[in-house]
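Reading the structure
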Number of protein chains: 2
Amino acid sequence: MLASAPIGVFDSGVGGLTVLRALRAQLPRESFIYLGDTARLPYGTKSPETVVRYAVQAADALVARGIKALVVACNTAAAAALPTLQARFPGLPLIGVVEPGARAAVAASRSGRIAVLATEGTVLGGAYQQSILRLQPQAQVSAMACQLFVALAEEGWMDGAVADATARRYLAPLLETGEAVRPDVIVLGCTHFPALRTVIAAVAGEGVQIVDSAATTAKAVAEQLAAAGLSAAATSSAPEVRFLATDGLLRFITVGARFLGEDIPAGDVELIDL
Amino acid sequence: MLASAPIGVFDSGVGGLTVLRALRAQLPRESFIYLGDTARLPYGTKSPETVVRYAVQAADALVARGIKALVVACNTAAAAALPTLQARFPGLPLIGVVEPGARAAVAASRSGRIAVLATEGTVLGGAYQQSILRLQPQAQVSAMACQLFVALAEEGWMDGAVADATARRYLAPLLETGEAVRPDVIVLGCTHFPALRTVIAAVAGEGVQIVDSAATTAKAVAEQLAAAGLSAAATSSAPEVRFLATDGLLRFITVGARFLGEDIPAGDVELIDL
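Each value, and the rule that gives it
Here the residue index of a chain counts from 1 through its sequence in written order. As a convention, the first chain written is A and the first ligand written is 1, with the rest following in written order. pLDDT decides what is reported in this predicted model: residues at 70 or higher carry local features, side-chain atom pairs at 80 or more are listed and counted, and totals for whole chains, interfaces and linings draw on all residues regardless. Numbering of helices and strands runs from the N terminus; a helix is a DSSP stretch of H or I covering at least four residues, while a strand is a stretch of E covering at least two. The globule rule is 2.2 Å times the number of residues to the power 0.38, and the radius of gyration it is compared with is taken over C-alpha atoms. Comment: burial labels come from other C-beta atoms within 10 Å of the residue's own C-beta, placed from the backbone, where a count of 20 or more is buried, 12 or fewer is exposed, and between is partly exposed. Two residues form a contact once the distance between their C-beta atoms, set from the backbone, is within 7 Å. Note: two strands are recorded as paired if DSSP finds a minimum of 2 bridges between them. The axes are straight lines fitted to the C-alpha atoms, using for helices just the contacting stretch, and the angles between their N-to-C directions are given from 0 to 180°. Boundary definitions for the domains trace back to an automatic or database domain assignment. Charged residues are taken to be Asp, Glu, Lys and Arg, nonpolar residues to be Ala, Val, Leu, Ile, Met, Phe, Trp, Tyr, Cys and Pro, and polar residues to be all remaining types, Gly included. Copies overlap after least-squares fitting; the atoms used are the C-alpha atoms of residues with pLDDT of at least 70 in both. In this scheme, roughly parallel covers angles under 35 degrees and roughly antiparallel covers those over 145, while 65 to 115 is roughly perpendicular and the rest are oblique. Helix crossings get a hand from a simple test, with the near helix turned counterclockwise from the far one by less than a right angle marking a left-handed crossing and a clockwise turn marking a right-handed one. Here a helix's expected span is defined as the number of its residues, less one, multiplied by 1.5 Å. Here, a nonpolar core means buried Ala, Val, Leu, Ile, Met, Phe, Trp, Tyr and Cys residues linked by C-beta atoms lying within 7 Å of one another. Handedness of a crossover is defined as follows: orient the strands so they point away from the viewer, and if the path from the first strand over the helix to the second runs clockwise, the crossover is right-handed.

Moving on to the overall build of chain A. The helix and strand tally for chain A stands at eleven helices and ten strands. For 274 residues, the compact-globule estimate of 2.2 N^0.38 gives 19 Å, and the C-alpha radius of gyration of chain A, at 18 Å, lies within 12% of that figure. Overall, the C-alpha framework of chain A stretches about 55 × 40 × 35 Å when taken along its three principal axes. Looking at the 274 residues of chain A, the share that counts as buried comes to 55%. Excluding contacts between residues fewer than 6 apart, the proportion of contacts in chain A whose partners are at least 24 apart in sequence is 80%.

In C-alpha cells, the structure reads:
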C-alpha cells in the first residue's frame, strides 16, 4: 500500500459525510473516496446478515480502487460487519465508528451512566453497549432506537416543532428518571444524528454532554495511519476527495452537502452498482 | 392462468398491506401472495431507473409463483414501472394504485382543486398529476413530497405531538392559501399515509376530503378479474394469504400487522432474495 493512496470511507448513505468532514479537518493532506450505498439505505432497520453482505460489497468496491485504509462511517455497518471485514482484509487498517464513539462516551462521563441513541439495528446488535462495558465495566448503559431522527436529518428538519417533539418523545424515558440515575452523557450512535445535536442537547438539558464519534474516529484513523507508516507525506500533491453513490446522485449532492458542511461538485460524484 | 391461482401484491415494504387489507375485504374468496421488498425500502427516494429494476425483479418472483394478476401496491413503483411491467407480462392483468387513486380524487372533488401527498419519487415523476389531468383536464393539482410520514407510520407514531407538528408543517402551504383556491380533496398518494389519515384530516380541517387508493384499487382489481373470467369460484376452497419479504421478518410481522389490521402469523412469511 502507498502512503499517497486515498482513504476509503463507507456509509449507507449521506450520514457518514459527518465523519468525512471530521476526517478532512483532522487529516488535511489525505485524499478520500467516499462511498454512499444510497440505493439500499437505510441499513438501520435491516438484519445483521444483510448489512454484513452489503458492507462486504462496498468494501470490495473501495479496495478495488486502491485505498490504503477503510473507515466504516456507518454505526449499523460497523456494529455488524467489522469482524467480517477484518477477516477479509487482514492487512488493511480498518476503523469503525462504534469503538471511537464508545471511547468518547466513557471519557466524557463522570457518573458512568451513558445513554446511546442509535438505529434499531445498532441497538439490537448491542455493539455500543458492549464496547462501552469493555472500556468501563461498571458503566450503566441504556440504548434507544431513534429511527425518526434519520428521516428528520434527511429531510433537513434540524429544528422547529417536529424536531423538538421528536426529541422530547425519544428522550422522555431518560428525562423522567430521577436525577440520581439520569445519564450524564448521550452518545449519538448514528452518523445522521449530529445534524440534530442542537435540539437533542436542548431537550436533554444542562448537565448532559452530547458526544458523537466523528472527531474521535478521525483521531483513531490518524493514529493507525501513523503507526502503519501510511500517513500522506507533507510534500504530497493536492489531496482529492471523490464520491461514489449507488443511486440518486442529485439527492446525494443536495442532502449530502448538509452533512458534509460544504458543496459537493456534481463532477466529483460517480454512480456505481454494487 | 387459473381462476384458483392467487393474486400477487407487491410493495417496497409494509405500506402495501393497507391495499391488501382492502383487497381482502373486496374479494374475500381470493388467495393472495404479498411481496414486501423490505431489504431495499424505501423506494420513495430512489431514482426511477432503480425502482423499475426492483419492480421487475419483484414481479418476476411473483409470476414464477403462478399468480393470475399483479397489483403494484406501491405508489412509487406504480408511477415508475407500470409501462415496463405491462410490456414484460402482456397477458397478465396488472393494476397499479396511482390510476385508481386519481379516479377516487376526481370523483370526490367538487372544485377540481386536488392536493397529492406522496413520496419524493412519486411527486417528481408526476404520474399522479398526469393521471388526474387525463381524467379532468381542468383540475388544479398540487403535489407535495411528505417523506417523514413514511417514517412516522413505520415507527407507529400515528398520533401525538410529532405526527401533529409534521402534518402542520407539510400542509402549511395548502392551508395558508385563501379559501377560494384551497383544495377540497387531499389524496394519500403513498400506501403508508392512510396510517396517518386521522391527523392529516384534523389538520386539513372541515371541507377537505381525504381519499386514498386502497378501496378504489380493490374495486379495479375485482372488475379486471371479472372481465378476464378469472374470479375465484364461489365454491373454491378456503382462500390463502402468504407473505414474502426480502429482509427483517420480525420487523415485517410486527410493523406489518399495524398496516394489515390483523396479526401476521410468523409461519406464513417466507424470506426470499431478489
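On to the sheet that holds strand β4 (residues 94-96) of chain A. In any sheet, the strands associate via hydrogen bonds between backbone groups, in a parallel or an antiparallel arrangement. Residue and element names in this part refer to chain A. The six strands are arranged β4-β3-β1-β2-β9-β10 in an open sheet whose pairing can be described as parallel. One side of each edge strand has no neighbouring strand; the edge strands of this open sheet are β4 and β10 (269-271). Neighbour-to-neighbour, the strand axes of the sheet open up by a mean angle of 20°, direction not taken into account. Two elements, strand β2 (residues 32-36) and strand β9 (residues 241-245), share five bridges in a ladder whose sense is parallel. Of the residues in β9, the one forming a bridge with Leu35 is Leu244. Where helix α1 (residues 17-26) meets the sheet, its contacts fall on β1 (7-11), β2 and β3 (69-72), and the angle it forms with β2 comes to roughly 170°.

Position of Gly248 of chain B among the secondary structure elements: in the loop between β9 (241-245) and α11 (249-260). Taking the number of C-beta atoms within 10 Å as the measure of exposure, Gly248 of chain B has 23 and is therefore buried. On a C-alpha basis, the gap between Gly248 of chain B and Arg134 of chain B in space is 39 Å, while along the polypeptide they are 114 residues apart. Once residues lying within four places of it in the same chain are set aside, the contact partners of Gly248 of chain B are Thr45, Lys46 and Ser47 of chain A together with Thr38 of chain B.

Our next topic: the domain arrangement of chain A. Size of an interface, as often reported, equals the accessible area lost when the parts are brought together. Residue and element names in this part refer to chain A. Each assigned domain of chain A is listed with its residue range as follows: domain 1 (7-96 + 215-271) and domain 2 (99-212). For domain 1 versus domain 2, the separation of C-alpha centres amounts to 23 Å. Every contact between the two is made by 25 residues of domain 1 and, on the other side, 23 residues of domain 2. Listing elements by their share of the side of domain 1 that touches domain 2, those giving two or more residues are α1, α2 (48-64), α3 (75-88), α10 (214-227) and α11 (249-260). The dominant element in the side of domain 1 that touches domain 2, judged by the number of residues it contributes, is α3, at four residues. Per-class residue counts for the side of domain 1 that touches domain 2 are twelve nonpolar, ten polar and three charged.

With that settled, the discussion passes to the relation of the copies chain A and chain B. Once turned by 180° and shifted 0.0 Å along the axis, chain A lies on chain B with an RMSD of 0.0 Å. Interpreted geometrically, this transformation is the action of a two-fold axis. The residues that chain A uses at the interface reappear at the interface of chain B in 100% of cases, marking a shared surface.

Turning our eyes to something else, we now look at the packing of helix α8 (residues 161-175) of chain A against helix α9 (residues 197-204) of chain A. All names here are of chain A. Relative to each other, α8 and α9 sit at 50°, their axes nearing to 9 Å. When the axis of α8 is compared with that of α9, the two are oblique. Note that α8 runs across α9; the crossing there is right-handed. Where α8 approaches α9, its residues Ala163, Asp164, Ala167, Arg168 and Leu171 are matched on the opposing element by Val199, Ile200, Val203 and Ala204. Here the residues of the contact of α8 with α9 are counted per class, giving seven nonpolar, no polar and two charged.

With that settled, consider the sheet that holds strand β5 (residues 113-118) of chain A. Residue and element names in this part refer to chain A. Overall, parallel pairing links the four strands, which are arranged β6-β5-β7-β8 in an open sheet. The sheet terminates laterally at β6 (140-145) and β8 (209-212), the two strands that pair on one side only. On average, each strand axis in the sheet is inclined to that of its neighbour by 25°, with strand direction left out of account. Pairing geometry for β5 and β6, over six bridges, is parallel. Bridge pairing in β6 places Ala115 opposite Ser142.

Tallying the contact residues gives 19 residues for chain A and 19 residues for chain B. Those elements giving two or more residues to the side of chain A that touches chain B turn out to be α7 (147-155) and α8 of chain A. Among the residues forming the side of chain A that touches chain B, the class breakdown is seven nonpolar, six polar and six charged.

Further remarks concern the packing of α7 of chain A against helix α7 (residues 147-155) of chain B. Relative orientation of the contacting elements α7 of chain A and α7 of chain B amounts to 180°, with a least axis distance of 9 Å. Our classification of the angle between α7 of chain A and α7 of chain B gives roughly antiparallel. Listed contacts from α7 of chain B to Gln147, Leu148, Ala151, Leu152 and Glu155 of chain A of α7 of chain A are Gln147, Leu148, Ala151, Leu152 and Glu155 of chain B. Classifying every residue of the contact of α7 of chain A with α7 of chain B by side-chain character gives six nonpolar, two polar and two charged.

All names here are of chain B. Taking 1.5 Å per residue as the helical rise, helix α10 (residues 214-227) with its 14 residues ought to reach 20 Å, and the 20 Å between its terminal C-alpha atoms agrees with that figure. Within α10, burial applies to Ala214, Thr216, Thr217, Ala218, Ala220, Val221 and Leu225. Elements that come into contact with the buried residues of α10 comprise β1 (7-11), α1 (17-26), β3 (69-72), β4 (94-96), α4 (98-108) and β8 (209-212). The positive-phi residue at the C-terminal boundary of α10 is Gly229, with phi of around 65°.

Residue and element names in this part refer to chain A. Relative to the helices and strands, Leu244 resides in strand β9. C-beta crowding within 10 Å serves as the criterion here: with 23 such atoms nearby, Leu244 is assigned to the buried category. Leu244 sits 216 residues away from Pro28 along the chain, and the two C-alpha atoms are 20 Å apart.

For the rest of this paragraph, the subject is the nonpolar core. Val71 and Val72 of chain A together with Val71 and Val72 of chain B are the most contacted members of the largest nonpolar core, which has 190 residues in total. Dropping the residues within four chain positions of it, Val72 of chain B is found in contact with Phe10, Ala55, Ala77, Ala78, Ala81, Leu82, Gly96 and Val97 of chain B.

Moving on: the pairing of β3 of chain A. Residues and elements named next belong to chain A. Because side chains alternate across β3, one face comprises the buried residues Ala69 and Val71, and the other comprises Leu70 and Val72, equally buried. Where β1 meets β3, four bridges bridge the pair, whose relative direction is parallel. Bridge pairing links Ile7 to Ala69 in β3. Bridge analysis of β3 against β4 gives three bridges, and the strand direction is parallel. Following the sheet pairing, Val71 is matched in β4 by Ile95. In terms of handedness, the path from β3 via α3 over to β4 forms a crossover that is right-handed.

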